There are 2 protein chains.
Amino acid sequence: MPSSQVVIAVDVGGTEIKAALVSGCADGDGADLREVRKLRRATPKLPDGTETADAVVDAVCDIVAELGEGVRPDAVGVVVPGLVDDQRRVGIFSANLGWRDYPFGDAFAAKIPFPLAFGHDVRAGGLAEARLGAGRGLEDLVVLPIGTGIAGALILGGRPHSGGGYAGEIGHLVIADGPECACGQRGCLELIASSSAVARRYTERTGKAVSGAVDVAAALREGDEDAKVVWGDAVDALAKAIAQLATVIAPQAVVLGGGLAMAGELLTGPLDARLDELITIQRRPALRQAALGDRAGCLGAALMAIGAAETAEAVDAVDADVAEEDR
Amino acid sequence: MPSSQVVIAVDVGGTEIKAALVSGCADGDGADLREVRKLRRATPKLPDGTETADAVVDAVCDIVAELGEGVRPDAVGVVVPGLVDDQRRVGIFSANLGWRDYPFGDAFAAKIPFPLAFGHDVRAGGLAEARLGAGRGLEDLVVLPIGTGIAGALILGGRPHSGGGYAGEIGHLVIADGPECACGQRGCLELIASSSAVARRYTERTGKAVSGAVDVAAALREGDEDAKVVWGDAVDALAKAIAQLATVIAPQAVVLGGGLAMAGELLTGPLDARLDELITIQRRPALRQAALGDRAGCLGAALMAIGAAETAEAVDAVDADVAEEDR
């Protein structure tokens with residue numbers, strides 16, 4: 001029986017840090033969490049990546065002090081974007097915030113006097129969707145936020161799979177001949193099917209400026225032929241990528257999140273139809289809508305912190321036993 | 001500290017059953033196994049798939065009795081080909097042997113009076129390569145036997161990932177426009193890069209009959225231009241598939257096995273070069289040659305049996321404790 005914990009969860013985003021004091025308990029199957037206090041702060045951004053990371057660490061420590069006032073948290077969970085090595089607790093690379101190989105784990109451990117969990121924002125969000133949201137009760141799933149880019153969180157056998165920090169780069173599956181990607185390849189999924197790609201391709205095609213994929217979805221609802229083509233390309237590419245996931249890892253469900261998934265049935269309707277054509281011998285993944293919105297990363301950080309608190313408790317219990325026997 | 005076990009391991013293949021009495025011990029990191037007695041038998045094959053499965057069960061029971069003579073094995077491990085649901089212990093489908101949804105677990109449990117492990121031949125072979133062979137010491141790897149078809153075993157976070165029996169169908173990754181596959185899609189990897197595809201495509205191109213990919217490799221060594229094209233297509237398709245694996249699951253290594261991998265450097269040389277071009281932001285998987293040959297499945301069944309024996313021991317120990325307390 002897991003015990004109830006009070007933890008501080010911090011989700012460092014490209015523009016905003018979301019944080020909460022969370023009370024609740026969790027085990028392998030599910031969790032019950034309550035956000036007791038919440039706050040948001042702008043993410044500090046300096047010309048130099050390492051300086052940015054230093055400033056992020058300071059900002060997180062201030063947030064922990066503020067949220068933890070009058071409470072002694074059982075643990076703190078922090079998640080950051082980019083490529084993240086959970087085991088070595090290193091931020092390998094962030095395109096947005098500029099750091100490379102920054103030792104966040106050591107930096108936080110030096111300043112935060114509580115058990116610490118550190119990880120990746122997208123994988124943490126995936127964990128939260130798996131335990132608390134749209135993936136509840138499933139063993140094998142992919143949580144796929146579709147925004148400016150497309151990165152996925154893989155939950156396999158009930159556990160997040162990180163591949164040393166490199167797993168889940170689904171936006172860089174090569175799907176078709178296509179334009180050159182910043183990653184160095186051609187035809188990457190996110191050049192066709194991310195929210196920003198849908199907006200960009202519609203503008204390229206029509207010359208009309210749009211504020212985002214939501215405008216293309218609106219045009220599609222009104223029968224705009226160009227929107228049909230651009231949206232159809234995105235659906236086709238996503239379906240092909242999901243079919244590849246079904247072939248390799250066979251998830252029970254793909255949980256769609258981020259900007260593009262806000263289109264709801266407009267996305268899932270044709271995507272389901274195209275998947276029915278592409279899936280043959282594979283296990284057919286169900287499509288589900290993400291349930292936790294932009295709180296997913298913070299709730300995932302809370303789940304990780306609860307895990308760290310329980311590990312610390314178990315170690316304390318063993319230490320107490322040893323002390324008892326020594327007397 | 002794991003204890004030493006004596007188990008019987010049985011690998012049911014499409015044409016042959018390989019079995020062994022194995023003594024040894026294993027834990028999460030490695031294992032030390034010795035095949036004390038070995039035997040091989042032809043796989044029974046009847047016109048009807050269910051009758052074939054019944055006959056396989058009888059043959060396995062005979063083998064267990066023969067190998068177990070004078071020994072009381074701690075457990076038995078059996079692996080079978082096709083699509084296999086390890087959790088429900090069901091053979092979902094075997095194209096070669098014809099069964100569908102056959103309850104192997106129940107059938108063996110009714111006839112074998114020892115703890116039983118049941119699973120999939122390719123995943124068992126992958127587990128053996130991970131613990132005893134080419135993948136020793138790695139957490140995340142793909143073991144890829146390339147034979148008549150191409151199916152992979154995924155070991156992620158040190159554990160086999162089965163996806164309900166459907167994971168690792170890497171031969172059916174859609175790589176390029178190509179001929180129609182038996183699976184219902186077009187352009188599947190195994191139509192271009194399996195051992196039999198390499199032989200078939202060479203014959204289609206030249207009209208010359210070959211006995212297998214080994215003949216194409218021999219022609220390539222002699223500078224045959226058609227062999228160059230066919231082999232080059234296979235290498236290119238394999239590299240693209242491995243790049244997709246790197247993008248999604250980020251293995252540390254891909255262990256190549258089966259007929260095509262026998263070509264050694266002739267395969268890995270150009271494959272490494274092509275991967276260097278395709279891998280950009282991904283973790284670059286190392287290519288390794290499988291180390292256990294056609295014993296991998298049997299050794300994997302032994303590892304699974306050792307796991308089942310240890311679980312049974314732990315349950316017995318709890319039962320003994322309870323009985324002790326009840327007195």
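Residues numbered from 1 in each chain as written. Chains lettered and ligands numbered in written order. Predicted model: local features only at pLDDT ≥ 70, side-chain atom pairs only at ≥ 80, totals over all residues. Heavy atoms only, no water.

**Student:** Got a minute to help me understand the overall build of chain A in this structure?
**Tutor:** From N to C terminus, chain A includes 10 helices and 13 strands. Here the C-alpha atoms of chain A give a radius of gyration of 21 Å, agreeing with the 20 Å that 2.2 N^0.38 yields for 327 residues. By principal-axis analysis of the C-alpha atoms, chain A measures approximately 80 × 45 × 35 Å. Within chain A, contacts between residues separated by at least 24 positions form 65% of all contacts whose residues are at least 6 apart in sequence. Surface exposure of chain A reaches about 13600 Å², of which carbon and sulfur atoms provide 50%. Separation between the mean location of the 30 positive side-chain charges and that of the 47 negative ones in chain A comes to 5 Å. (Helix = DSSP H or I, 4+ residues; strand = E, 2+ residues; numbered from the N terminus. Rg over C-alpha atoms; globule rule 2.2 N^0.38 Å. Contact = heavy atoms within 4.5 Å. Areas by Shrake-Rupley, 256 points an atom, 1.4 Å probe, with all protein chains shown as cover. Lys, Arg positive; Asp, Glu negative; His and termini not counted. Charge placed at Lys NZ, Arg CZ, Asp CG, Glu CD.)

**Student:** Please clarify how helix α3 (residues 121-132) of chain A should be interpreted in this entry.
**Tutor:** Because an α-helix packs 3.6 residues into every turn, residues spaced three or four apart end up facing the same way. Residue and element names in this part refer to chain A. For α3, built from 12 residues, the straight-helix expectation of 16 Å at 1.5 Å per residue is met to within 8% by its first-to-last C-alpha distance of 16 Å. Buried residues dominate α3, accounting for 12 of its 12 residues. Of the residues making up α3, those classed as buried are Asp-121, Val-122, Arg-123, Ala-124, Gly-125, Gly-126, Leu-127, Ala-128, Glu-129, Ala-130, Arg-131 and Leu-132. (Expected span 1.5 Å × (residues − 1). Buried < 20%, exposed > 50% of the residue type's maximum accessible area, 1.4 Å probe, protein only.)

**Student:** Sorry, what's going on with the side chain of Asp-121 of chain A here?
**Tutor:** Locating Asp-121 of chain A in the fold gives a position in helix α3. Each residue touching Asp-121 of chain A, except ones within four places of it in the same chain, is listed here: Asp-11, Val-12, Val-79, Val-80, Pro-81 and Gly-297 of chain A.

**Student:** Got a minute to help me understand the nonpolar core in this structure?
**Tutor:** In this structure, Trp-231, Leu-238 and Ile-249 of chain A together with Trp-231 and Ile-249 of chain B are the most contacted members of the largest nonpolar core, which totals 97 residues. Once residues within four sequence positions are removed from consideration, Trp-231 of chain A is found in contact with Val-198, Ala-213, Val-216, Ala-217, Leu-220, Leu-260, Ala-263, Leu-266 and Leu-267 of chain A. (Core = buried A, V, L, I, M, F, W, Y, C linked by side-chain atoms within 4.5 Å.)

**Student:** Just to check I follow, could you spell out a negative patch on the surface for this structure?
**Tutor:** On the surface, a cluster of negative charge is contributed by Asp-74, Glu-313, Asp-316 and Asp-319 of chain A. Looking at the element boundaries, Asp-316 of chain A is found in helix α10 (residues 296-326). (Patch = residues over 30% accessible without salt bridge, like charges linked within 9 Å, V, L, I, M, F, W, Y side chains within 5 Å. Salt bridge = Lys/Arg side-chain N within 4 Å of Asp/Glu carboxyl O.)

**Student:** Hey, could you run me through the sheet that holds strand β12 (residues 253-257) of chain B in this one?
**Tutor:** Think of a sheet as strands paired side by side through backbone hydrogen bonds, with each pair either parallel or antiparallel. All names here are of chain B. Within the open sheet, the 5 strands sit side by side as β11-β10-β9-β12-β13. Their pairing is mixed. Pairing within the sheet leaves two strands with one partner each, and these edge strands are β11 (159-161) and β13 (286-289). Neighbouring strand axes in the sheet, compared pairwise and without regard to direction, differ in orientation by 25° on average. Docked against the sheet, helix α3 (residues 121-132) engages β9 (141-145), β10 (153-156), β11 and β12, running at close to 45° with respect to β10. (Pairing = 2+ DSSP bridges. Axes fitted to C-alpha atoms, helices over the stretch in contact; angles between N-to-C directions.)

**Student:** Sorry if this is basic, but what is going on with the relation of the copies chain A and chain B here?
**Tutor:** Both copies of the chain are placed relative to one another by a rotation about an axis and a shift along it. Least-squares fitting of chain A to chain B yields an RMSD of 0.0 Å, with the transformation described by 0.0 Å of translation along the axis and a rotation of 180°. Interpreted geometrically, this transformation is the action of a two-fold axis. Mapped onto chain B, 100% of the interface residues of chain A are again interface residues, and the two copies thus contact each other with one and the same surface. (Least-squares fit on C-alpha atoms with pLDDT ≥ 70 in both.)

**Student:** What am I meant to see in the sheet that holds strand β1 (residues 5-12) of chain A here?
**Tutor:** Residue and element names in this part refer to chain A. Spatial ordering of the open sheet is given by β3-β2-β1-β4-β8, a layout of 5 strands whose pairing is mixed. Each end of this open sheet is capped by a strand with a single partner; those strands are β3 (31-42) and β8 (116-120). With strand direction ignored, the average angle separating the axes of adjacent strands in the sheet is 20°.

**Student:** In this structure, what is going on with the pattern of salt bridges? I would like to understand it.
**Tutor:** Oppositely charged side chains may form a pair once their charged atoms are brought near each other. Residue and element names in this part refer to chain A. Applying the stated criterion to the full structure yields 40 salt bridges over all chains. Ionic pairing is found between Glu-35 and Lys-38, a salt bridge with its closest N-O pair at 3.7 Å. According to the relative accessible area criterion, Lys-38 is exposed, its value standing at 52%. Ionic pairing is found between Glu-277 and Arg-274, a salt bridge with its closest N-O pair at 2.6 Å. Here Glu-277 pairs with Arg-274, and both are found in helix α9 (residues 265-278), just 3 residues apart, close to one helical turn. Arg-274 sits in the partly exposed class, given a relative accessible area of 23%. Among the charged side chains, a network of salt bridges with common partners joins Asp-236, Lys-240, Arg-274 and Glu-277.

**Student:** How do you make sense of the packing of helix α5 (residues 195-206) of chain B against helix α6 (residues 213-221) of chain B when you look at a structure like this?
**Tutor:** Packed helix pairs are specified by the crossing angle of their axes together with the interaxial distance, meaning the distance between the axes. All names here are of chain B. Running from N to C, α5 and α6 point in directions that differ by 60°, and their axes come no closer than 8 Å. Viewed along their axes, α5 and α6 adopt a mutual orientation that is oblique. In this structure, the crossing between α5 and α6 has a hand that is left-handed. Facing Ser-195, Val-198, Ala-199 and Tyr-202 of α5, the residues of α6 in contact are Ala-213, Val-216 and Ala-219. (Parallel < 35°, antiparallel > 145°, perpendicular 65-115°, else oblique. Left-handed = near helix turned anticlockwise from the far one by under 90°.)

**Student:** Help me out: how do you make sense of the packing of aromatic side chains in this one?
**Tutor:** Two measures describe an aromatic ring pair: the distance that separates the ring centres and the angle between the ring planes. All names here are of chain A. Considering all chains together, one arrives at 10 aromatic pairs over all chains under this definition. Aromatic pair Trp-99 and Phe-104: ring centres 4.8 Å apart, planes at 70°, arrangement edge-to-face. Classification of Trp-99 by relative accessible area gives buried; the value is 0%. Phe-104 sits in the buried class, given a relative accessible area of 0%. Members of the aromatic cluster, joined through ring pairs, are Trp-99, Tyr-102, Phe-104, Phe-108 and Phe-118. (Phe/Tyr/Trp six-rings, centres within 6.5 Å; stacked < 30°, edge-to-face > 60°.)

**Student:** Please clarify how the environment of Arg-40 of chain B should be interpreted in this entry.
**Tutor:** All names here are of chain B. Along the chain, Arg-40 falls in strand β3 (residues 31-42). We classify Arg-40 as partly exposed; its relative accessible area is 39%. Considering only alpha carbons, one finds Arg-40 and Ile-63, 23 residues apart in sequence, at a separation of 9.2 Å. Excluding anything up to four places from it in sequence, Arg-40 contacts Glu-16, Ile-17, Lys-18, Asp-294 and Arg-295. Within polar-contact distance, the side chain of Arg-40 engages the side chain of Glu-16 at 2.9 Å. At 3.5 Å, the side chain of Arg-40 forms a polar contact with the side chain of Asp-294. (Polar contact = N/O pair within 3.5 Å; in protein donor to acceptor, adjacent residues only side chain to side chain.)

**Student:** Is there a simple way to think about the interface of chain A and chain B in this case?
**Tutor:** Accessible area lost upon the coming together of the parts serves often as the stated size of an interface. Opposite the 33 residues of chain A that make contact, chain B presents 33 residues. Between chain A and chain B we count 0 salt bridges in total. On inspection of chain A and its partner chain B, the count reaches 16 residue pairs in polar contact (both at pLDDT 80 or more). Breaking the side of chain A that touches chain B down by element, the ones donating at least two residues are β10 (153-156), β11 (159-161), α7 (225-248) and α9 of chain A. For the side of chain A that touches chain B, the element with the most residues is α7 of chain A, which contributes 5 residues.

**Student:** Explain the pairing of strand β2 (residues 16-26) of chain A here, please?
**Tutor:** As a general feature of sheets, a regular strand has side chains that alternate between the two faces. Residue and element names in this part refer to chain A. Along β2, 9 of the 11 residues are buried, which leaves the element largely enclosed by surrounding structure. Note that β1 and β2 share 8 bridges and pair antiparallel. What sits directly across from Gln-5, in β2, is Gly-24. Connecting β1 to the next strand, β2, in antiparallel fashion are 3 residues. As paired strands, β2 and β3 are joined by 11 bridges and run antiparallel to one another. Its bridge partner being in β3, Cys-25 is matched across the sheet by Asp-32.

**Student:** Sorry if this is basic, but what is going on with the environment of Gly-98 of chain B here?
**Tutor:** Residues and elements named next belong to chain B. With respect to the helices, strands and loops of the structure, Gly-98 is situated in the loop between β6 (90-93) and β7 (100-102). Overall, the relative accessible area of 40% leaves Gly-98 in the partly exposed class. A sequence separation of 48 residues divides Gly-98 from Thr-50, and the C-alpha atoms of the two residues are 7.5 Å apart.

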